[in-house]
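# Tertiary structure, described
What follows is the residue order along each chain.
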Amino acid sequence: MQQQMVTEVIDSRNSFFDWKLKEVWSYRDLIGMFVKRDLTATYKQSVLGPLWFFIQPMLTAITFMFVFGKFAGVSTNGMPKLLFYLAGITIWNYFSECFTKTATVLKDYAALFGKVYFPRLIVPLAITISALVRFGIQFLLFIVFELYFSFKENSVIHPNATILLTPFLLILMAGFALGAGLLISAVTTKYRDFSYLITFGVQLFMFATPVIYSVQTIDPAYKTIVLLNPLSPIVEAFRYAYLGTGYFSYPLLMYSFLWMLFLLFIGIIAFNRVEKTFMDTV
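Quantities reported herein were computed from a predicted structural model and do not represent experimental measurements. (Residues numbered from 1 in each chain as written. Predicted model: local features only at pLDDT ≥ 70, side-chain atom pairs only at ≥ 80, totals over all residues. Heavy atoms only, no water.)

## Examining a nonpolar patch on the surface
Nonpolar side chains collect at one region of the surface, where Ile 62, Phe 66, Val 67 and Phe 71 lie side by side and expose about 400 Å² of accessible area between them. Structurally, Ile 62 can be placed in helix 3 (residues 52-71). (Patch = residues over 30% accessible without salt bridge, like charges linked within 9 Å, V, L, I, M, F, W, Y side chains within 5 Å. Areas by Shrake-Rupley, 256 points an atom, 1.4 Å probe, with all protein chains shown as cover. Salt bridge = Lys/Arg side-chain N within 4 Å of Asp/Glu carboxyl O. Helix = DSSP H or I, 4+ residues; strand = E, 2+ residues; numbered from the N terminus.)

See the structure below:
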């Protein structure tokens, strides 16, 4: 019986718009392996383990309550301070984690990439999915507090049908984080200085996004500037859906969607062009 040999040809030459998505799909099992490894390794040697998924957003929200709520007097538009800050932190943390890990993926996984071939886009996709699991855990914490404040007497919490847009909002955040992260990752292979600015840049960008404040409570002169940030409509829509307060606008969400597509398009192209030669510079 004649045996048929299967040969896979790995060629560095590809067209400008060849994203190798078919090849990525054929390696989809590897994405699951990376997600599982990432989730189990993150807090494997820590004392509290997965409890950090709950502790981190709670400590951040409590810090914001004292620093911005009590001392700085930043308005939460009548909402309970803890719940208001948790809403912003929950959706922002998803973007922040996806972006910071994707932005250094070529440098962090250089040793693995130098030993075995697989589509490099697999790792950023796995990062985005594993961060989604963490978001789910922190989202449950947010829902618990929302239910608590909702059943209190004279509650000002008014969830609405916009909750149904939650998957769309997460897709927008994931697309922004993935696109921006891939672009920065491609740049840092040649200009290492960018890797030192990532964490600081994310923290600075958070203040340009209505995480600790609402667009409805800031000076009208700055409102337009804040809304030019394509992440602002997403955070505001998330807060409006679950709390009933926030600046919700379908045209602004479409504005964010178009920005996300553009950034994702540029990021994937830059990443695919660089990943073929980055081992020479990392």
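There's more to say after this.
## Brief notes about the packing of aromatic side chains
Summed over all chains, the structure comprises 20 aromatic pairs. An aromatic cluster is present here, built from Tyr 94, Phe 135, Phe 139, Phe 142, Phe 238 and Tyr 242 joined pairwise through their rings. We note Arg 239 situated over the ring of Phe 84; from NZ or CZ to the ring centre the distance is 4.0 Å. (Phe/Tyr/Trp six-rings, centres within 6.5 Å; stacked < 30°, edge-to-face > 60°. Lys NZ or Arg CZ within 6 Å of the ring centre and 35° of its normal.)

## Some thoughts on helix 3
For helix 3, which comprises 20 residues, the first-to-last C-alpha distance of 27 Å matches the rise-based estimate of 28 Å (1.5 Å per residue) to within 8%. Maximal helix bending in helix 3 amounts to about 30°, located at Met 65. Residues of helix 3 that are buried include every one of Phe 53, Pro 57, Met 58, Ala 61, Phe 64, Phe 68 and Gly 69, and no others. Downstream of helix 3 by a residue or two, Gly 73 has a phi angle that is positive, lying close to 70°. (Expected span 1.5 Å × (residues − 1). Bend = angle between axes of the 7 residues up to and from the residue. Buried < 20%, exposed > 50% of the residue type's maximum accessible area, 1.4 Å probe, protein only.)

## Let's talk about the confidence of the model for the protein chain
Low pLDDT marks regions whose predicted coordinates should not be analysed in detail. Summarising the model, the protein chain shows a mean pLDDT of 82, and 86% of its residues fall at 70 or more. Taken element by element, the predicted model of the protein chain shows its lowest mean pLDDT in helix 1 (residues 21-26) (75) and its highest in helix 11 (residues 232-243) (94). (pLDDT = per-residue confidence, 0-100.)

## Quick word on the packing of helix 4 (residues 81-102) against helix 11
Contact geometry for helix 4 and helix 11: axes closest at 9 Å, N-to-C directions at 135°. Relative to helix 11, the element helix 4 is oriented oblique. Crossing geometry of helix 4 relative to helix 11 is assigned as right-handed. Contact with helix 4, carried on its side by Leu 83, Phe 84, Ala 87, Gly 88 and Ile 91, involves Val 235, Phe 238, Arg 239 and Leu 243 of helix 11 and no other residues of that element. Per-class residue counts for the contact of helix 4 with helix 11 are seven nonpolar, one polar and one charged. (Axes fitted to C-alpha atoms, helices over the stretch in contact; angles between N-to-C directions. Parallel < 35°, antiparallel > 145°, perpendicular 65-115°, else oblique. Left-handed = near helix turned anticlockwise from the far one by under 90°. Contact = heavy atoms within 4.5 Å. Nonpolar A, V, L, I, M, F, W, Y, C, P; charged D, E, K, R; others polar.)

## What about the nonpolar core?
Judged by nonpolar contacts, the single largest core of 55 residues is most densely connected at Tyr 85, Tyr 94, Phe 95, Phe 99, Phe 142, Met 173 and Phe 238. Elements with a minimum of two residues in this core: helix 3, helix 4, helix 7 (122-150), helix 8 (166-188), helix 9 (193-207), helix 10 (220-228), helix 11 and helix 12 (250-274). Take this core: its biggest share by element is 13 residues, from helix 4. Beyond its immediate sequence surroundings of up to four residues, Tyr 85 is in contact with Ala 61, Phe 64, Met 65, Phe 68, Gly 69, Val 74, Thr 76, Val 211 and Ile 212. With 22 residues, the next largest nonpolar core counts Tyr 109, Phe 113, Ile 122 and Ile 268 among its residues. (Core = buried A, V, L, I, M, F, W, Y, C linked by side-chain atoms within 4.5 Å.)

## Topic: the pattern of salt bridges
In total, this model carries three salt bridges according to the counting rule given. Between Glu 97 and Arg 134 there is a salt bridge, with its nearest N and O atoms 2.6 Å apart. Residue Glu 97 is found in helix 4, and its partner Arg 134 is found in helix 7; the two are separated by 37 residues along the sequence. Each member of the pair, Glu 97 together with Arg 134, is buried.

## Points about the environment of Phe 135
Relative to the assigned elements, Phe 135 resides in helix 7. Distance in space between the C-alpha atoms of Phe 135 and Thr 90 is 6.8 Å, their sequence separation being 45 residues. Apart from residues no more than four positions distant in its own chain, Phe 135 is found in contact with Thr 90, Ile 91, Tyr 94, Leu 170 and Phe 238.

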